Amino acid sequence: MSAEAYSKAYIARCHKTLKEWGAPLDGWFVFNVYDCLEEANELFTCELCGCTQVRIVHVMHNHHYFERISVGCICAGIMEGDILAAKERERLVKNRAKRRKNFLKKTWEETRYGVSLLWYRGKRLRIFRLGNGRFKVCYNNTSTECHKGKPITDFLTAVHAAFDLIDPVVEIWHA
Ligand SMILES: [Zn+2]
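What counts, and at which threshold
- Residues numbered from 1 in each chain as written.
- Predicted model: local features only at pLDDT ≥ 70, side-chain atom pairs only at ≥ 80, totals over all residues.
- Heavy atoms only, no water.
- Helix = DSSP H or I, 4+ residues; strand = E, 2+ residues; numbered from the N terminus.
- Buried < 20%, exposed > 50% of the residue type's maximum accessible area, 1.4 Å probe, protein only.
- Contact = heavy atoms within 4.5 Å.
- Areas by Shrake-Rupley, 256 points an atom, 1.4 Å probe, with all protein chains shown as cover.
- Lys, Arg positive; Asp, Glu negative; His and termini not counted.
- Charge placed at Lys NZ, Arg CZ, Asp CG, Glu CD.
- Phe/Tyr/Trp six-rings, centres within 6.5 Å; stacked < 30°, edge-to-face > 60°.
- Lys NZ or Arg CZ within 6 Å of the ring centre and 35° of its normal.
- Domains from an automatic or database assignment.
- Buried area = accessible area lost by both parts, 1.4 Å probe.
- Salt bridge = Lys/Arg side-chain N within 4 Å of Asp/Glu carboxyl O.
- Polar contact = N/O pair within 3.5 Å; in protein donor to acceptor, adjacent residues only side chain to side chain.
- Donors = N, O, S within 2.8 Å, 3.2 Å for Na, K, Ca; no water.
- Disulfide = S-S within 2.5 Å.

## Considerations on the overall build of the protein
Moving on, step 1. Along the protein, the regular secondary structure elements total five helices and 10 strands.
Moving on, step 2. C-alpha atoms of the protein, sized along the principal axes, occupy 65 × 30 × 30 Å.
Moving on, step 3. Put simply, the protein has 175 residues, and 38% of those count as buried.
Moving on, step 4. Partitioning the contacts of the protein with sequence separation of at least 6, the portion at a separation of at least 24 is 45%.
Moving on, step 5. Accessible surface computed for the protein: about 10500 Å², of which carbon and sulfur atoms make up 52%.
Moving on, step 6. The distance from the centre of the 27 positive side-chain charges to the centre of the 20 negative ones in the protein is 6 Å.

Put into structure tokens, the structure is as follows:
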């Protein structure tokens, strides 16, 4: 976002919109952050300023308002009164998306037992094909047969689940 995005006029416009909604100007905190490009393969429109090019969505919550508002980085920063904190969240989410992209390019080794194997940062990941057409991902003493709450039924989804096991979301915004 360009420098003028921080201008007083921009901030005033955001505050004006909040006032029109009868929403508080402060007391907002971040509830969730996600990469819309990664989750939905599209960009998001900021609910506060209307910018249509938002990739990282910050879901903002306020105890004195009836609904959550999903916004881009700068609007999130204005709402919570800390633009640097919003930018840092943005950076962490983008970096993790980059790591996932690289992870997806890795080649898994097929063993003769039908188990796929990958060494990643010195750690061993395994994907098992189960008899019922489903997949199981194992890493250290943890394993999962689900991704986003659903059983894993293809190899690519298993690879995504493996990434989530080895590089879990650190929800620093809940700290
Ligand atoms: Zn915005």
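On we go.
## Some remarks on the packing of aromatic side chains
Moving on, step 1. Here the structure, examined in full by the defined rule, presents seven aromatic pairs.
Moving on, step 2. Judged by centre distance (5.9 Å) and plane angle (65°), the ring pair of W28 and Y65 falls under edge-to-face. A residue pair is termed long-range when its members are at least 10 positions apart, and W28 in strand β1 (residues 28-35) and Y65 in the loop between β2 (56-62) and β3 (69-71) qualify at 37 residues.
Moving on, step 3. Y65 gets classed as buried once you look at its relative accessible area, which sits at 12%.
Moving on, step 4. What links up through ring pairs into an aromatic cluster is the set F103, W108, Y120, F135, F155 and F163.
Moving on, step 5. Here R68 stacks its cationic end above the ring of F31, 3.6 Å away from the centre of that ring.

## Focus: unusual backbone geometry
Moving on, step 1. Phi angles above zero are rare outside glycine, and N41 is one such case at about 60°.
Moving on, step 2. If you trace the backbone, N41 turns up in the loop between α2 (36-40) and β2.
Moving on, step 3. Judged by relative accessible area, N41 falls into the exposed class, the value being 66%.
Moving on, step 4. For K148, which is not glycine, the phi torsion reads 50° and is therefore positive.

## A closer look at the domain arrangement of the protein
Moving on, step 1. Domain assignment breaks the protein into domain 1 (3-99) and domain 2 (106-174).
Moving on, step 2. Measuring from the centre of the C-alpha atoms in domain 1 to the corresponding centre in domain 2 gives 32 Å.
Moving on, step 3. In this assembly, 10 residues from domain 1 lie in contact with 10 residues from domain 2.
Moving on, step 4. Taken together, the two surfaces of domain 1 and domain 2 that pack against each other cover about 880 Å², and 55% of this comes from carbon and sulfur.
Moving on, step 5. Taken together, the links from domain 1 to domain 2 amount to four salt bridges.
Moving on, step 6. R96 is paired through a salt bridge with D167; the nearest N and O atoms lie 3.9 Å apart.
Moving on, step 7. At the junction of domain 1 with domain 2, the criterion picks out three residue pairs in polar contact (both at pLDDT 80 or more).

## Considering helix α3 (residues 73-80)
Moving on, step 1. Among the eight residues in α3, seven count as buried, and that is most of the element.
Moving on, step 2. Of all the positions in α3, only C73, I74, C75, A76, G77, I78 and M79 are classed as buried.
Moving on, step 3. Note on α3: the residue one or two positions beyond its end, G81, has a positive phi of about 75°.

## Side note on the coordination of the zinc ion
Moving on, step 1. For the zinc ion, the full set of protein donor atoms is C46 (SG), C49 (SG) and C75 (SG), at a range of 2.2 to 2.3 Å.
Moving on, step 2. In the primary sequence, the donor residues of the zinc ion line up as C-x2-C-x25-C.

## Describing the side chain of T144
Moving on, step 1. By the secondary structure assignment, T144 is in strand β8 (residues 142-144).
Moving on, step 2. Polar contacts involving the side chain of T144 include one to the main-chain carbonyl oxygen of C146, which spans 3.1 Å.

## Focus on the state of the cysteines
Moving on, step 1. Across all of its chains, the model carries zero disulfides by this definition.
Moving on, step 2. Not part of a disulfide, C73 finds its nearest cysteine sulfur in C75, a span of 9.4 Å.
Moving on, step 3. Residue classification places C75 among the buried residues on the basis of a relative accessible area of 1%.

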